[in-house]
Amino acid sequence: MTNDELNQPGYEIPPEIKNQVAVTTIDRIYNWSRRSSIWPMMFGLACCAIEMICTAASRFDFARFGMEVMRPSPRQADLLLVSGTVTKKMVPQIVRLYNQMPEPKYVVAMGACASGGGPFKEGYNVVSGIDNYIPVDVYIPGCPPTPQALLHGLITLQKKIDTQSLREARWYKKDVSEVIPVPVLGPDIMDPREYELIRQYSRQKSQAAASETPDAESNPA
């Protein structure tokens, strides 16, 4: 970080000590340290993961941005790159991994499939966007996105981190952030947060079916 980026505007520093003293804020120092040491989780789903691997390799090398430490454990990662098609079978695992990541944590939806279902949106086994289950910070379009697009998305995430404040960050509030309920995979994927809506819908269907059933007296055998 250069002196101009580090110094807080509004405070004049004498020229003779300009290269020795910097006036800044805790937010600025804290955000700079986090944005320069993002640890993505080593996690891939489909063809977008190949582009993610390409971006980590020598030609594009996102180590230049302080992101080279890809961790195999969610306990040591703060960035979840959802790279590829999100099937209903994988949603419970993705939510579980997200819950195991420590705060502050971020999510990047890489590609059309992770963002909205992509070309498989109408499929019986594909989720129409991972943001239906976990919060997403940056969306990267493409099928699949190029390494340049992924780098642009990661730089966009860094810019978002630069604007955050310790006073407003959810991980520093007194209220404990709630764990996202892990979806249940049955005949279809079910979100525990929607159980009451599912019950209401089931009751309505049962009542409608009962009202349409003809009486035995009106239809004798």
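To be clear, the structure that these remarks concern was listed above.
Being a predicted model, the structure only gives us computed values, none of them experimental.

**Section: the packing of helix H2 (residues 26–35) against helix H6 (residues 147–162)**
Alright, step 1. It is at 9 Å that the axes of H2 and H6 come closest, and there the two elements cross at 160°. With respect to H6, the axis of H2 lies roughly antiparallel. In this structure, H2 crosses over H6, and the sense of that crossing is right-handed. Only Gln-158, Ile-161 and Asp-162 of H6 make contact with H2, whose side of the interface consists of Asn-31, Arg-34 and Arg-35.

**Regarding the packing of aromatic side chains**
Alright, step 1. Tallying each qualifying case throughout the model produces 0 aromatic pairs.
Alright, step 2. The cationic tip of Lys-105 hangs over the ring face of Tyr-98; the distance from NZ or CZ to the ring centre is 4.1 Å.

**A short note on the state of the cysteines**
Alright, step 1. Per the stated rule, a full pass over the model turns up 0 disulfides.
Alright, step 2. Left unpaired, Cys-54 is separated from the closest cysteine sulfur, that of Cys-48, by 12 Å.
Alright, step 3. Accessibility expressed as a relative area gives 36% for Cys-54, which makes it partly exposed.
Alright, step 4. Not engaged in a disulfide, the cysteine Cys-143 finds its nearest cysteine sulfur in Cys-113; these two sulfurs lie 5.4 Å apart.
Alright, step 5. Accessibility expressed as a relative area gives 55% for Cys-143, which makes it exposed.

Reading the values: rules and limits
- Residues numbered from 1 in each chain as written.
- Predicted model: local features only at pLDDT ≥ 70, side-chain atom pairs only at ≥ 80, totals over all residues.
- Heavy atoms only, no water.
- Axes fitted to C-alpha atoms, helices over the stretch in contact; angles between N-to-C directions.
- Helix = DSSP H or I, 4+ residues; strand = E, 2+ residues; numbered from the N terminus.
- Parallel < 35°, antiparallel > 145°, perpendicular 65-115°, else oblique.
- Left-handed = near helix turned anticlockwise from the far one by under 90°.
- Contact = heavy atoms within 4.5 Å.
- Phe/Tyr/Trp six-rings, centres within 6.5 Å; stacked < 30°, edge-to-face > 60°.
- Lys NZ or Arg CZ within 6 Å of the ring centre and 35° of its normal.
- Disulfide = S-S within 2.5 Å.
- Buried < 20%, exposed > 50% of the residue type's maximum accessible area, 1.4 Å probe, protein only.

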